Amino acid sequence: MDFNNKVVIITGASSGIGAAAALLFASQSAKVVLVGRNEAALKDVADKCMKSKGIKPLVVKAELSKDDDVKNIITQTINVYGRIDVLVNNAGVGVQGSIRDGIEPYDRVMGINVRPVYYLISLATPYLVKTKGNIVNVSSVAAFKPIKDMNFLPYCTSKAALDQITRCVAAELARDGVRVNSVNPGATKTPFVQAAGLTKEQMDDLYKVREKTLPLGKMAESEDVADLIFYLASDRARSITGSIFVIDNGEILQ
Ligand SMILES: NC(=O)c1ccc[n+]([C@@H]2O[C@H](COP(=O)([O-])OP(=O)(O)OC[C@H]3O[C@@H](n4cnc5c(N)ncnc54)[C@H](OP(=O)(O)O)[C@@H]3O)[C@@H](O)[C@H]2O)c1
């Protein structure tokens, strides 16, 4: 699949699934725009992308809860490359909280997992219409069911909202030739649960439980999820829009 001269923006490219997706797009000659907060990690991913096909990625440091940072992602991409072909809304955080904890966890998670996605899509749409490009949102199986052992009410709520953005924007932009799809992973080995507040020991325990209980007997790797993102962003998925793709080793069968 050839992404020669295609411009692909990936949020959350400094770690986990986003970093794996960035490397995969770069290996297929895409011009990748790497978005995240951790500059050292972004540089590391950029160096690896550069080694792949010799194409220097654009790195944009952005705190997605800040509107000016979100605007700057599009401004810098257009200033440097003049076009956008693919937007991968991958960045996300796992915010824990009970319904007894008040509104703060809700505001925090929606401010990172939903609001900037809505805003980025809005800002990118005129450019995606020009290129007949596409969007891949990274959601979760948490959109479909409570993740009780993680106390994930706020997170589950945010991912359910994200799936509806996928469907509604897909319906709105279909006649413009812009496709919008979602990849919904289950448990995947990344720093995600530690970012959500678990210690290393708690993460190791959780992984042991997941590997024992998941129907396929294993968790996904970032590269597994990146493969699906890449497929949906490619022309091979030209007849697919508004669809939600689960990749979870059978987690939602439980
Ligand atoms: N791992 C799983 O089990 C799993 C399961 C289902 C869905 N997902 C989803 O997969 C996506 C990627 O997660 P991951 O597993 O790869 O986790 P990860 O390794 O923790 O990566 C999360 C990424 O999001 C970025 N990010 C977080 N908050 C941000 C903010 N406020 N502003 C800018 N960037 C921010 C991080 O950037 P910095 O590190 O640079 O701050 C990082 O690059 C998320 O949407 C997550 O909900 C993960």
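What you are looking at is a predicted structure, and each value in this text was computed from that prediction instead of being measured. (Residues numbered from 1 in each chain as written. Predicted model: local features only at pLDDT ≥ 70, side-chain atom pairs only at ≥ 80, totals over all residues. Heavy atoms only, no water.)

Colleague: Would you take a moment to explain helix α4 (residues 104-113) for this structure?
Modeller: Since the α-helix turns once every 3.6 residues, residues separated by three or four places project in the same direction. Restricting attention to buried positions, one finds in α4 the residues Pro-105, Val-109, Met-110, Gly-111, Ile-112 and Asn-113. Along its buried surface, α4 packs onto α5 (115-131) and α6 (153-173). (Buried < 20%, exposed > 50% of the residue type's maximum accessible area, 1.4 Å probe, protein only. Helix = DSSP H or I, 4+ residues; strand = E, 2+ residues; numbered from the N terminus. Contact = heavy atoms within 4.5 Å.)

Colleague: Help me out: how do you make sense of the site of the ligand in this one?
Modeller: Around the ligand, the structure places 29 residues, and the nearest of them are Ser-14, Ser-15, Arg-37, Tyr-155 and Thr-190. One of the backbone nitrogen or oxygen atoms of Gly-92 is found 3.5 Å away from an oxygen atom of the ligand. Within the backbone of Thr-188, a nitrogen or oxygen atom sits 2.9 Å from an oxygen atom of the ligand. Protein chains shield 93% of the accessible area of the ligand, which is 890 Å² for the free molecule. Each residue belonging to the shell around the ligand can be placed in one class, and the counts come to 13 nonpolar, 13 polar and 3 charged. (Near = heavy atom within 4 Å. Polar contact = N/O pair within 3.5 Å; in protein donor to acceptor, adjacent residues only side chain to side chain. Areas by Shrake-Rupley, 256 points an atom, 1.4 Å probe, with all protein chains shown as cover. Nonpolar A, V, L, I, M, F, W, Y, C, P; charged D, E, K, R; others polar.)

Colleague: Explain the pattern of salt bridges to me, please; I cannot follow it from the model alone.
Modeller: A side chain with one charge may pair with a side chain of the opposite charge, provided their charged atoms come close. Counted according to the given criterion, the structure contains 12 salt bridges. The closest approach of N and O atoms between Glu-63 and Arg-37, which form a salt bridge, is 3.3 Å. In this pair, Glu-63 sits in the loop between β3 (58-61) and α3 (67-81) while Arg-37 sits in the loop between β2 (31-36) and α2 (39-53), placing the two residues 26 residues apart along the sequence. Of the charged contacts, one joins Asp-44 and Lys-48 as a salt bridge, the two residues approaching to 3.3 Å between their closest N and O atoms. Taken as a pair, Asp-44 and Lys-48 lie in helix α2 at a separation of 4 residues, close to a single helical turn. By sharing partners, the salt bridges in this structure join Lys-189, Glu-211 and Glu-221 into a single network. (Salt bridge = Lys/Arg side-chain N within 4 Å of Asp/Glu carboxyl O.)

Colleague: Would you explain the nonpolar core in this entry?
Modeller: Most often, soluble globular proteins keep nonpolar side chains buried together rather than apart. Counting residues in each nonpolar core, the largest one holds 35 residues, and the members touching the most others are Ile-9, Val-33 and Ile-73. Elements supplying a minimum of two residues to this core: β1 (7-11), β2, β3, α3, α4, α5 and α6. Contact partners of Ile-73, with chain neighbours within four places excluded, come to Ile-9, Val-35, Val-60, Ala-62, Leu-64 and Leu-120. Listed in part, the 33 residues of the second largest apolar core include Val-8, Val-45, Val-225 and Ile-240. (Core = buried A, V, L, I, M, F, W, Y, C linked by side-chain atoms within 4.5 Å.)

Colleague: What is the right way to read helix α1 (residues 16-27) from this model?
Modeller: With 12 residues, α1 extends 17 Å between its outermost C-alpha atoms, agreeing within 8% with the 16 Å of an ideal straight helix rising 1.5 Å per residue. Here α1 has its buried residues at Ile-17, Gly-18, Ala-19, Ala-20, Ala-21, Ala-22, Phe-25 and Ala-26. Positive phi shows up at Ser-29, right after α1, with a value of about 70 degrees. (Expected span 1.5 Å × (residues − 1).)

Colleague: Explain a nonpolar patch on the surface here, please?
Modeller: A contiguous nonpolar patch, built from Phe-144, Val-246 and Ile-252 and spanning about 230 Å² of accessible area, is present on the exposed surface. Mapped onto the elements of the fold, Phe-144 is located in the loop between β5 (134-138) and α6. Given a relative accessible area of 41%, Phe-144 falls into the partly exposed group. (Patch = residues over 30% accessible without salt bridge, like charges linked within 9 Å, V, L, I, M, F, W, Y side chains within 5 Å.)

Colleague: In this structure, what is going on with the environment of Arg-210? I would like to understand it.
Modeller: For Arg-210, the position within the fold is in helix α8 (residues 200-213). Relative accessible area serves as the criterion here: at 11%, Arg-210 is assigned to the buried category. Residues Arg-210 and Asn-181 lie 29 residues apart in sequence; the distance between their C-alpha atoms is 27 Å.

Colleague: Can you help me understand the packing of α5 against α6 in this one?
Modeller: A pair of packed helices can be characterised by two numbers: the angle between their axes and the separation between those axes. The contact between α5 and α6 brings their axes to 11 Å, and the two run at 20 degrees. Looking at the two axes, α5 sits roughly parallel to α6. For the pair α5 and α6, the crossing hand works out as right-handed. Contacts between α5 and α6 involve Val-117, Tyr-118, Ile-121 and Thr-125 on the former and, on the latter, Leu-162, Ile-165, Val-169 and Leu-173. (Axes fitted to C-alpha atoms, helices over the stretch in contact; angles between N-to-C directions. Parallel < 35°, antiparallel > 145°, perpendicular 65-115°, else oblique. Left-handed = near helix turned anticlockwise from the far one by under 90°.)

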